[in-house]
Amino acid sequence: MENIDVYWVLLYFLIAAITIPIVIFLGPVAIRNYVLESDYDDTTGKTNVIYRILSPVLCSSIFILIIEALFSKFGASAPTQRWLCSFFYWAILGIAKLLARKNVIHPIAYFIEVTCSVLLAALLERFVIGGYSSLGLAVLDQSNFAFEMEVAVFYVAVQMVVTIAARHRYRVSVLANYGDSENTVASTKKTTYASSKHYYRAAVDTSEKNLFGYERRYGSLLSKRYSQDPLLRTVFFTIMTIEDCNRPETWRFVERIACSLGIAKTTGIMQQQSENPLSDEESVFLAVEYVEKMWDRYLETYAKSARCSTRIHLVIGSGWYEYDYSLLADTLEKTFGSFYGDYCGTRLLDVGMVFHQVRRFEERNHYDLLPKTVMASGMIFSIETG
């Protein structure tokens, strides 16, 4: 076995860590949203597994070739044992899944994936990259394996292009329909929202597909109160939408690794604090009570404000409350940026348009047959009502 410089080992490890989120992000969305291994079925499983085996090899090889070209200009030694990059990729991925306690396929099946991917990387280095130094681009015509790798590169490239196109199609502009909505929004606010148009169009995905995904995956984890209070439910999923866009799945994956090393403090889709890295579901469990307390404080403040000028807007009893849905929803939409500050630590973010889109989604789920008043359980003004 050839000797390998230590700095190349470190570079391989770094490239492997960078390749993981890239492979996940460019996964075959067009097939099935880059499903977890535990969700594979007879229809999607084969294509997903092929992509999972090929993509880390090809992505890491591209990084290595670029770095090798740069190093050669300074007379640095050429890399050896390039297959180690793929090995590190699967090692990091496996450890991260164990730390996150995610459901994965059977260890033997995972081992087969690892073996095939690392072996493919070794063959690529020996027959293609190794032959390039002596034959140049002619190696692509001299080796049958090189031709097969060309086909593999084409396959992965097609999957990536389809995925990028699909992600773009499902990413909607939050402001596209905001100004034309039937919802009552102060006209003086439209200019303010428009000033944030470029940022939120690129950052926040409030498409129906995305919001339905949140409901299906996390809706059953919410407490009974979230079923009683539609605005509380809207608040929760609005926060989830913003946090998910601020920390997308690929970033949360790296964040869980950082948390296990004591670097990151918040993990999961709801960015909750914990000594151990949290899965998305675990962060939702922790956030449920936290958001309820935020909502209690907001209702108490609303009850004392000039906006709630008469008692019919909000009635509070011992262990329950009742409010006028339309009046409170419109007020919350205009003040959601300040309210969100209780969660993120700053009250300067103009996120009212995100709340508006999630609100419309939730209202459509109720056929746009909106309640006049909402009654739910909750300890609002617990001392006074007691």
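From a predicted model like this one, the values you see are computed outputs, not experimental measurements. (Residues numbered from 1 in each chain as written. Predicted model: local features only at pLDDT ≥ 70, side-chain atom pairs only at ≥ 80, totals over all residues. Heavy atoms only, no water.)

Engineer: Just give me the short version of the overall build of the chain, but keep the residues and values in it.
Structural biologist: Helix and strand counts for the chain stand at 17 helices and 5 strands. Within the chain, the proportion of its 386 residues that are buried is 47%. Sequence-distant contacts, at least 24 apart, represent 72% of the contacts inside the chain between residues at least 6 apart. A total of about 20300 Å² of accessible surface is found on the chain, and carbon and sulfur atoms cover 61% of it. (Helix = DSSP H or I, 4+ residues; strand = E, 2+ residues; numbered from the N terminus. Buried < 20%, exposed > 50% of the residue type's maximum accessible area, 1.4 Å probe, protein only. Contact = heavy atoms within 4.5 Å. Areas by Shrake-Rupley, 256 points an atom, 1.4 Å probe, with all protein chains shown as cover.)

Engineer: Give a detailed account of the sheet that holds strand E4 (residues 320–324), specifying residues and quantitative values.
Structural biologist: Taken in spatial order, the 3 strands of this open sheet run E3-E4-E5, and their pairing is antiparallel. The outermost strands of the open sheet, each flanked by one partner alone, are strand E3 (314–317) and strand E5 (373–377). Strand after strand, the sheet turns through a mean of 10° between neighbouring axes, direction not considered. Here 4 bridges tie E3 to E4, and the two strands are oriented antiparallel to one another. By the bridge assignment, valine 315 is partnered in E4 with glutamate 322. Of the strands in this sheet, E3 and E4 touch helix H14 (residues 280–304), which is tilted by about 120° from E3. (Pairing = 2+ DSSP bridges. Axes fitted to C-alpha atoms, helices over the stretch in contact; angles between N-to-C directions.)

Engineer: Mind laying out the pattern of salt bridges, listing which residues take part and the relevant values?
Structural biologist: A side chain with one charge can pair with a side chain of the opposite charge if their charged atoms come near. Taken as a whole, this structure holds 16 salt bridges when the rule is applied. One salt bridge in this structure joins arginine 359 and glutamate 363, with 2.9 Å as the shortest N-O distance. Of this pair, arginine 359 and glutamate 363 both sit in helix H16 (residues 352–365), 4 residues apart, which is roughly one turn of that helix. The buried category is assigned to glutamate 363, whose relative accessible area is 4%. Here aspartate 368 makes a salt bridge to arginine 360, at a shortest N to O gap of 3.0 Å. A relative accessible area of 40% means that aspartate 368 is categorised as partly exposed. Connected via shared salt-bridge partners are Arg217, Asp244, Arg252, Arg256, Asp280 and Glu281. (Salt bridge = Lys/Arg side-chain N within 4 Å of Asp/Glu carboxyl O.)

Engineer: Kindly report on the packing of aromatic side chains, identifying the contributing residues and their values.
Structural biologist: Summed over the entire model, instances satisfying the criterion amount to 16 aromatic pairs. Aromatic pair phenylalanine 212 and phenylalanine 361: ring centres 4.9 Å apart, planes at 80°, arrangement edge-to-face. Of this pair, phenylalanine 212 sits in helix H10 (residues 208–218) while phenylalanine 361 sits in helix H16, placing them 149 residues apart in sequence. A centroid spacing of 6.2 Å and a plane angle of 15° characterise the contact between tyrosine 321 and tyrosine 323, whose relative ring orientation is stacked. Tyrosine 323 carries the same exposure label as tyrosine 321, and that label is buried. One aromatic cluster in this structure is built from Tyr290, Trp295, Tyr298, Phe336, Phe339, Tyr340, Tyr343 and Phe355. (Phe/Tyr/Trp six-rings, centres within 6.5 Å; stacked < 30°, edge-to-face > 60°.)

Engineer: Tell me about unusual backbone geometry, and name the residues and values.
Structural biologist: The backbone phi angle of glutamine 271 is positive, close to 50°, even though this residue is not glycine. On the secondary structure map, glutamine 271 appears in the loop between strand E1 (266–267) and strand E2 (272–273). Within the chain, aspartate 368 stands out as a residue other than glycine whose phi angle is a positive 60°. Positionally, aspartate 368 belongs in the loop between H16 and E5.

Engineer: Quick one: what's the story with the packing of helix H12 (residues 230–246) against helix H15 (residues 325–344), residue by residue and with numbers?
Structural biologist: Between H12 and H15, the least distance of the axes is 11 Å, while the angle of their chain directions is 35°. Read as a crossing pair, H12 and H15 show a hand that is right-handed. Residues Pro230, Leu231, Val235, Thr238, Ile239, Ile242, Glu243 and Asn246 of H12 touch H15, and the partners they reach there are Tyr325, Leu328, Ala329, Leu332, Phe336, Phe339, Tyr340 and Tyr343. Looking at the contact of H12 with H15, its residues break down into 13 nonpolar, 2 polar and 1 charged. (Left-handed = near helix turned anticlockwise from the far one by under 90°. Nonpolar A, V, L, I, M, F, W, Y, C, P; charged D, E, K, R; others polar.)

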